[in-house]
Amino acid sequence: LYLKETNLEDAEKEWLFVKDKPEDEFGLCNAWPGISFEDFKATALKVLMDHAKGLSLREGLVPETYFFLWDDDEIVGQFRLRHHLNDTLRTGAGHIGYFVRKDLRGRRYGTEGLKLLLEIARNIVPEDEFYLRVCKISSASLHVMLNNGGRIVAENEDRFFVRIKNPGKNRA
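Residues numbered from 1 in each chain as written. Predicted model: local features only at pLDDT ≥ 70, side-chain atom pairs only at ≥ 80, totals over all residues. Heavy atoms only, no water.

Our next topic: the sheet that holds strand 4 (residues 64–71). Here 4 strands make up an open sheet; going across it, the order is 1-4-5-6 and the pairing antiparallel. Because the sheet does not close on itself, it has two edges, and the strands there are strand 1 (2–5) and strand 6 (96–100). Pairs of neighbouring strands in the sheet enclose a mean axial angle of 25 degrees, with direction left out of account. Here strand 4 runs beside strand 5 (residues 74–82); their pairing, made up of 8 bridges, is antiparallel. The partner of F68 across the bridge, within strand 5, is Q78. On top of the sheet, helix 1 (residues 11–20) reaches strand 1, strand 4, strand 5 and strand 6; it is set at about 80 degrees to strand 5, its chief contact. (Pairing = 2+ DSSP bridges. Helix = DSSP H or I, 4+ residues; strand = E, 2+ residues; numbered from the N terminus. Axes fitted to C-alpha atoms, helices over the stretch in contact; angles between N-to-C directions. Contact = heavy atoms within 4.5 Å.)

Where burial is concerned, most of strand 5 is hidden: 8 out of the 9 residues are buried. Note: strand 5 against strand 6, 5 bridges, orientation antiparallel. Considered in strand 6, the bridge of Q78 is made with F99. (Buried < 20%, exposed > 50% of the residue type's maximum accessible area, 1.4 Å probe, protein only.)

As structure tokens, this is what we get:
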């Protein structure tokens, strides 16, 4: 298993994954369900790659990188990493969101993918902890977070808010 940033070389496989991903599942949104390959290459791919560089961000957004989780030659999941928090993210979606293909759930892809992403994130995210949130009805996703060192720090009617310690890079 490995994570790979969104890129032009894998555009067709990325498109096949993105177009079939639900528009919204447990709060993880997909802006391009059902998108054509031509539109994916012309718009979505550019947006995803620009956002990783902090370009073309709407007000209130922060740089974020999309990664695809690969098992050999097949995309099995998608992870997104917001590079830092703003006030909205601090009390909302946090640093990380992820999605594993429905037909492949229960095979530890979420746990292993998050583990790989946390290794990348430690060199990007300046905060001392990674912020995540999860819908209460998604107990499997909560277990993915807990299996990666997460702890529940708060909850509301619908969601748990989870923190994972960031070992970070050479912090002064």
